[in-house]
Amino acid sequence: MSKHKAVKRKVPGLPPGSLVFTGRQKVEVSDVEIVVFSCDVLSKYPLHEHKYPVPSPGTVTWLNVKGVHDVNLIQEIGSRYHIHPLVMEDILDIGQRPKLDEYDQGIFISFYALQFDAIEVKITKEQIGLFLAPNLLIDFQEDADDLFASIYTRLEVLHSRMRNKGADYLLYALLDLVVDHYFQVLDEVEEAMEALETEILYFNKPITRSKIYELRNEISQMRKLIYPFRDVMTKINRLEDEWIKTDTQIYLRDLYDHVNHAVDIVENYRDMINGINDLNTTEISFKTNRVIQVLTIISTIFMPLTVIVGIYGMNFEFMPELHWKYGYGLIWGVMFFIFVFMLIFFRKKKWI
Amino acid sequence: MSKHKAVKRKVPGLPPGSLVFTGRQKVEVSDVEIVVFSCDVLSKYPLHEHKYPVPSPGTVTWLNVKGVHDVNLIQEIGSRYHIHPLVMEDILDIGQRPKLDEYDQGIFISFYALQFDAIEVKITKEQIGLFLAPNLLIDFQEDADDLFASIYTRLEVLHSRMRNKGADYLLYALLDLVVDHYFQVLDEVEEAMEALETEILYFNKPITRSKIYELRNEISQMRKLIYPFRDVMTKINRLEDEWIKTDTQIYLRDLYDHVNHAVDIVENYRDMINGINDLNTTEISFKTNRVIQVLTIISTIFMPLTVIVGIYGMNFEFMPELHWKYGYGLIWGVMFFIFVFMLIFFRKKKWI
Amino acid sequence: MSKHKAVKRKVPGLPPGSLVFTGRQKVEVSDVEIVVFSCDVLSKYPLHEHKYPVPSPGTVTWLNVKGVHDVNLIQEIGSRYHIHPLVMEDILDIGQRPKLDEYDQGIFISFYALQFDAIEVKITKEQIGLFLAPNLLIDFQEDADDLFASIYTRLEVLHSRMRNKGADYLLYALLDLVVDHYFQVLDEVEEAMEALETEILYFNKPITRSKIYELRNEISQMRKLIYPFRDVMTKINRLEDEWIKTDTQIYLRDLYDHVNHAVDIVENYRDMINGINDLNTTEISFKTNRVIQVLTIISTIFMPLTVIVGIYGMNFEFMPELHWKYGYGLIWGVMFFIFVFMLIFFRKKKWI
Amino acid sequence: MSKHKAVKRKVPGLPPGSLVFTGRQKVEVSDVEIVVFSCDVLSKYPLHEHKYPVPSPGTVTWLNVKGVHDVNLIQEIGSRYHIHPLVMEDILDIGQRPKLDEYDQGIFISFYALQFDAIEVKITKEQIGLFLAPNLLIDFQEDADDLFASIYTRLEVLHSRMRNKGADYLLYALLDLVVDHYFQVLDEVEEAMEALETEILYFNKPITRSKIYELRNEISQMRKLIYPFRDVMTKINRLEDEWIKTDTQIYLRDLYDHVNHAVDIVENYRDMINGINDLNTTEISFKTNRVIQVLTIISTIFMPLTVIVGIYGMNFEFMPELHWKYGYGLIWGVMFFIFVFMLIFFRKKKWI
Amino acid sequence: MSKHKAVKRKVPGLPPGSLVFTGRQKVEVSDVEIVVFSCDVLSKYPLHEHKYPVPSPGTVTWLNVKGVHDVNLIQEIGSRYHIHPLVMEDILDIGQRPKLDEYDQGIFISFYALQFDAIEVKITKEQIGLFLAPNLLIDFQEDADDLFASIYTRLEVLHSRMRNKGADYLLYALLDLVVDHYFQVLDEVEEAMEALETEILYFNKPITRSKIYELRNEISQMRKLIYPFRDVMTKINRLEDEWIKTDTQIYLRDLYDHVNHAVDIVENYRDMINGINDLNTTEISFKTNRVIQVLTIISTIFMPLTVIVGIYGMNFEFMPELHWKYGYGLIWGVMFFIFVFMLIFFRKKKWI
């Protein structure tokens, strides 16, 4: 469960805007990749000697910051592009609630990229911060692997739509990619639920208890991330065209629909995992019922027999049956009759 | 459960507007049926050599596209009628959330036609996309059988109301048909619930556990579809008369009431299936209780008897009772008395 | 449960506005009663030779239509008083969601009169349609017995307030009557719940399981009817004074409060029936616990005794105790001691 | 449970505004106390010979009506102070939903005073009606003991704030008093819950089942009363200063906060009583588990012993062990070993 | 549970605005610390001889009142700074719902500082009242230790941002500190839940029942505090810049996001603790199931053996087997076969 707490809180009492990294460091060295592109130009180079590009109209400047644990680097970028101290704090404070804040200098969006690890029944999340200013987009992350590599690949295509559009469309493309991953995670969670269901119903392994519990927690975690992300999307769709151009708005509206769909699915999964839990509980009660039936059948058959054989083990002087020639055979017959009768009786009651 | 995942997600990272069919192909060959009608004309013919009809005022042009898996065809229709790339993507992306999007060129509505398979306790759903432009209605589907055949039948009637009205009324008629099917599905689901209830209460078959679970999931699925569909209906009712004429609005308002009713029913079914689940659980506990009562009765009667007969099977030298003439008979009497006494006792406690 | 489905759906594909009666016919012959009244006039007569009264200012014309299964009759009335085809369809479509629709010609309200059958734990509902036009009120029902007889009785009183008021006040009076019946039904449902509670707590009859289940369903049904009815009441209170005069509005606002109260009560009953269900489940577990305690006590006492008597039933040559004079008596003593000790032990553990 | 139904419904079909008392009569004779006060005057006298005081500006006239079962008296007061017939009906109709209605002549507020009877686990409620007109406040109740005595005591203090303020502040004072009582009841309910909790956890008395059930119902009842009362408070805070003067509004806003707090507490209690119920259920299952463990331990120890002693009770001719000198001793040894081994085994499994 | 009731209610009937302290006294002597600071001045001194500082523009005056049980002191401060009597009452009435009230003289905010005691599974809360007037901030508390010491430490830094800002920013800093503590408490609660989870899953100690119950109550308590606190934050963000300057608003908006995050977490914990409770219940049922399986296995193996040995303990004259040479050996063989067969049988059924 410690997975739910990727967050190490700041010490209370620090002045607001204090820059403290609260997550887990995942990459050794921080790394800033700079991409500058326009309709017909595309260049990509690593940050070198603190030379930060100046965003200029007609081109889009994209800074891909990997390794937010490097507080100095973040501070440098922040002061270079006039990012508000509170934004800087939010970038470093891993475990934030997804949010969108509008400042005079730009828009800050914080959200999570998700991945599902089916074996450990665990969703890993990577907080991503996006800062959108005119002709500039900066994304901050600790280590979202090549999450954004595919974006660059698309940029390389000469007549790619993205090349003709502004930083707002690039923002959209990044968000869209993350949302696509959400659906992948959701599909994997669904497969995990199907597996659980089969275990319960067909293989009778009620050891699945802790798995159900953990999956329930993971779904609950996703829910906690995805609802505020929907709010973020709502806010993006209400931004003025100063930030988001009209033709990009259509795409963002479409993305909003997708996020809404994801919300529906998560809500539905929550219902389903509760259903699985109920099914498991019922299955256990039912199994207990069956076991007790077996016990009762065994007892009902053998307890009377024990008494019967006990009777003829008594040492009374005067027990006429003991001297009968066929007494012993008769007892076998009586016991056999009781045995068969009981079997038929329980069969009739559908216990066997 | 794999039924809940008719959806095969696109690979994340594709540019938005990429046309990829994500559902299951159900028909061999795609097929476009063209219906053009007005007050006094009605013609129907298959699409031939890519000759697409031009919608003209005074007549309604209806394209019935079956087999959306044919990406080229969809693309062709899209470019012919100026449909936005995102709409094209949505048509092909099976498993969408029901939605209505308004574009400059037309209205796009996406929703599901439902059918219930009582034997497999499974609701099958078919995604339908409708594109409404002036004097034009296009419906996209993979294979909704003759869902729309009845509409054409109604068009054939000369003075049918539909003949005098525009594409908006045709849109209404298609939606109305789908909603009518919803109620059919709901009735069948209710019958399935009644059957479950009877099984639990009268035939004592707690094997119904997995059926309850599955029905619960199906109802939960329906809920997931029908709530956003209600939102779609709300949005339709708010469209300006550019798209929906005033006299058609009355019909759509009425349809909205029906969808609202369906929502109520689904919500009610959810309550009911939970009730059925509880009933089943209680029934199992109760049965366990009965079985344990039987076990306890048997044990309470025969355990003391076992001890009694054991006593007189002991080999002590000095056991006066063994030499009594009627000792043996007396023991029978004592045992019989205990037996009857216990029966009366348990009868009084209402255990028997 | 088939009681929840008094509705027979229309065949999908029928054109909207098609008149098909979907309920159960309850009266043999349809019957229209006409009441015309004003401040000083009151006449009542059956419909004769299709002569429909013309509503005129200063008087109120009230048509009481019983037996909506007669489609022709409904159609005749509809066309006579210019009722919209969709209203006609709604009148005949039994099982509608309570609703209010405003048309140019008049207001249409659809809702249910309820009655509770305590023996079968079942609420019967009768759909009522009201059409309010200037100086005219028509009510449509299949068979709501003498539900409205009391209204006429009140009209007969010369200086009755109703005589001085318009069709809107008559509408109010009819709604008020139906709501009064709701409270009666609610009281009867409460009595049924009290009975269940007593059965569970004092008479220990867990056979009440299916009764709890059915009552829960009935309450859930009522909830489904009463929430939309509250919406209807909200809409009525927002109608312009063209339809509802200002002094009638005060009465309708008061009625709205009553309906709201009924909603609260239903919601409360839902809580209570869930509580009853929980109580029953706990009661069963508790009883199981008691039964197992008895079993354990019996086993704990008699199993050791069985072993003891078994020991002295063994046939070893060298068993000194067997030859003791008071061996047998001693064994009785030991067994008695064990028996008493166990009883005291379980008494201390509060099991007995 | 009949306590939830202090209400005797009116016969359906009575004209609205019919005056019928529907509660239980609690006082023998109705009684009207008249208090007239201003900054420097205070007089109090019983109603005498139907002489009703005329409210005049500068003074506040307060009528304290006790015993609303006297329909004639209520009617007299109603007509004397021009109270709307629907208000009169509401005053007499005990079991109303708390509400505020604004009429031309005055404001009518209906709500409940509560008291908790810890022994019977029952909340008693007394419906109070307040009618506020310019310079006049009338309160109607059947028997709220000396609930309002303390208000009068405060009036007697010469420079009491209340003396300088109008009827609206008096209204506030009455409401404030009732809300203070709510908190007392809530505290007592909490104590009852604490007692239950202790019973379950420390004294193991699962007989608390019906108490839990009843407390749950009572909390649910309170919830039903307090939510609409909050709505009443919201409405009061929105009244224009014609009715409530600006400086009284500050007090009423504060009171609204208190009511809101009470709502939070009730909601929290609901959670807690559900938690108590769950705890109880778990406690019962756990106890069952323990009992079955005991049974299993006993059986596992003594059943093999029974077989062993049975073996040497067999009468085979050739059983060498029987003739061994230390056979008998050996058997004791074996049995003792099994006994001890089992104890250790179960101790290891933490069953003992 | 008495911890939930740190509140001792006022006696109902006291006039509103009566000053009665309702909490528990925690410090011996009340103590007022005065801090006056501006850009370049900072002084701190205890209140001496009732000399209260006069707030002046350009500087911020901060009164830190510790020990609200001293009613006279509070009254003195109240009259000195023109605080409304209702605010005074709220400061003394411990157990209030978090709230913000706007008066002409200033803003009053009431909320709670939290701390978690992991050993007693208990959240301790300290009510804090803040009064914000132009250039003045007063905080009232009984004993929040050095909660605010860190604020003063930050003030001591010469170029601290706080020194340049007004009383509104100081208000923000105090709130921010309290919210930071919330997250600490939430982390500790999460650790407590993790511990519970491990206990249930790995150490099989179902004695954790009461701990689950108590943690659930504590989470429910937090929820009760944090929801209204969010409302307070919403209200603060809507205050006009008369009270909160524009550049402080950005900080408060950020704080609002944090509180919202805390709300999400509490809601999530509620889900999780319910999940833990379910897990525990299932775990108990499952354990019961296992125990009963053991019982059934033992019974099924040894009951038939008991009958077999009983048979050959019978004393019939004619029992041929008794005289067989290998009879005794054969019986051992039969019993051994049954024993092994049963073991294999149960192994196959996966019971062992």
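Calculation criteria
- Residues numbered from 1 in each chain as written.
- Chains lettered and ligands numbered in written order.
- Predicted model: local features only at pLDDT ≥ 70, side-chain atom pairs only at ≥ 80, totals over all residues.
- Heavy atoms only, no water.
- Pairing = 2+ DSSP bridges.
- Helix = DSSP H or I, 4+ residues; strand = E, 2+ residues; numbered from the N terminus.
- Axes fitted to C-alpha atoms, helices over the stretch in contact; angles between N-to-C directions.
- Contact = heavy atoms within 4.5 Å.
- Buried area = accessible area lost by both parts, 1.4 Å probe.
- Salt bridge = Lys/Arg side-chain N within 4 Å of Asp/Glu carboxyl O.
- Polar contact = N/O pair within 3.5 Å; in protein donor to acceptor, adjacent residues only side chain to side chain.
- Least-squares fit on C-alpha atoms with pLDDT ≥ 70 in both.
- Parallel < 35°, antiparallel > 145°, perpendicular 65-115°, else oblique.
- Nonpolar A, V, L, I, M, F, W, Y, C, P; charged D, E, K, R; others polar.
- pLDDT = per-residue confidence, 0-100.
- Buried < 20%, exposed > 50% of the residue type's maximum accessible area, 1.4 Å probe, protein only.

S.K.: What should I look at first to understand the sheet that holds strand E7 (residues 136-141) of chain B in this one?
M.R.: The strands that make up a sheet are held in pairs by hydrogen bonds between backbone atoms, and each pair lies either parallel or antiparallel. All names here are of chain B. Pairing is mixed in the open sheet, where seven strands are placed in the order E2-E1-E3-E7-E6-E5-E4. Looking at the sheet topology across the chains shown, the edges are occupied by strand E2 (42-46) and strand E4 (99-102). Recorded for the sheet is a direction-independent mean angle of 15 degrees between the axes of neighbouring strands. Inspection of the sheet shows strand E6 (residues 122-133) paired to E7 by six bridges, in the antiparallel sense.

S.K.: Can you help me understand the interface of chain A and chain B in this one?
M.R.: One widely used convention gives an interface's size as the accessible area the parts lose upon coming together. Counting from both sides, the interface comprises 64 residues of chain A and, opposite them, 65 residues of chain B. Buried area between chain A and chain B, both sides added, is near 5,900 Å², and the carbon and sulfur share of it is 60%. Only helix H3 (149-156), helix H5 (167-202) and helix H7 (246-311) of chain A provide two or more residues apiece to the side of chain A that touches chain B. Among the elements that take part in the side of chain A that touches chain B, H7 of chain A stands out by supplying 35 residues, more than any other.

S.K.: Where do I start with the interface of chain A and chain E in this structure?
M.R.: Contacts between the two partners involve 65 residues from chain A, matched on the other side by 64 residues from chain E. Across the interface of chain A and chain E, roughly 5,900 Å² is buried in total on both sides, 60% from carbon and sulfur atoms. In this assembly, chain A and chain E are joined by six salt bridges. A salt bridge links Arg270 of chain A to Asp271 of chain E; its shortest N-O distance comes to 2.9 Å. At the junction of chain A and chain E, the tally comes to 19 residue pairs in polar contact (both at pLDDT 80 or more).

S.K.: Just checking my understanding: could you explain the relation of the copies chain A and chain B for this structure?
M.R.: There are two copies of the chain, and a rotation about an axis plus a shift along that axis relates them. Least-squares fitting of chain A to chain B yields an RMSD of 0.1 Å, with the transformation described by 0.1 Å of translation along the axis and a rotation of 72 degrees. Viewed as a symmetry operation, the transformation between the two copies matches a five-fold axis. Nearest to the rotation axis, the C-alpha of Gly313 of chain A is located 4.4 Å from it, this being the minimum over chain A. Interface overlap between copies: only 16% of the residues of chain A at the interface are likewise at the interface in chain B, consistent with a contact formed by different surfaces.

S.K.: Teacher, can you tell me more about the packing of H7 of chain A against helix H6 (residues 209-238) of chain B here?
M.R.: Geometry of a packed helix pair, given as the angle between the helix axes and the separation of the axes. With their axes 10 Å apart at the nearest point, H7 of chain A and H6 of chain B run at an angle of 170 degrees to one another. Relative to H6 of chain B, the element H7 of chain A lies roughly antiparallel. Across the contact of H7 of chain A with H6 of chain B, the residue classes tally to seven nonpolar, seven polar and eight charged.

S.K.: What is the right way to look at the confidence of the model for chain A in this model?
M.R.: Note that predicted coordinates carrying low pLDDT should not be read in detail. Chain-level statistics for chain A give a pLDDT mean of 86 and a share of 94% at 70 or above. Within the model, pLDDT remains below 50 along residues 1-7 of chain A, and this stretch shows 26 contacts once partners closer than five positions in the same chain are excluded.

S.K.: What is the right way to look at the pattern of salt bridges in this model?
M.R.: Pairs may arise between side chains of opposite charge once their charged atoms sit close together. Within the structure shown, the criterion is met by 72 salt bridges over all chains. For Arg253 of chain A, the salt bridge identified is with Asp101 of chain B, shortest N-O distance 3.9 Å. One end of the pair, Arg253 of chain A, is in helix H7; the other, Asp101 of chain B, is in strand E4, on a second chain. A relative accessible area of 27% places Arg253 of chain A in the partly exposed class. When the shortest N-O distance is used, the salt bridge between Asp90 of chain C and Lys99 of chain C registers 2.6 Å. On the accessibility criterion, Asp90 of chain C (1% relative accessible area) is buried. Within this structure, Asp90, Lys99 and Asp101 of chain A together with Arg253, Asp254 and Asp257 of chain E form a network of salt bridges that share partners.

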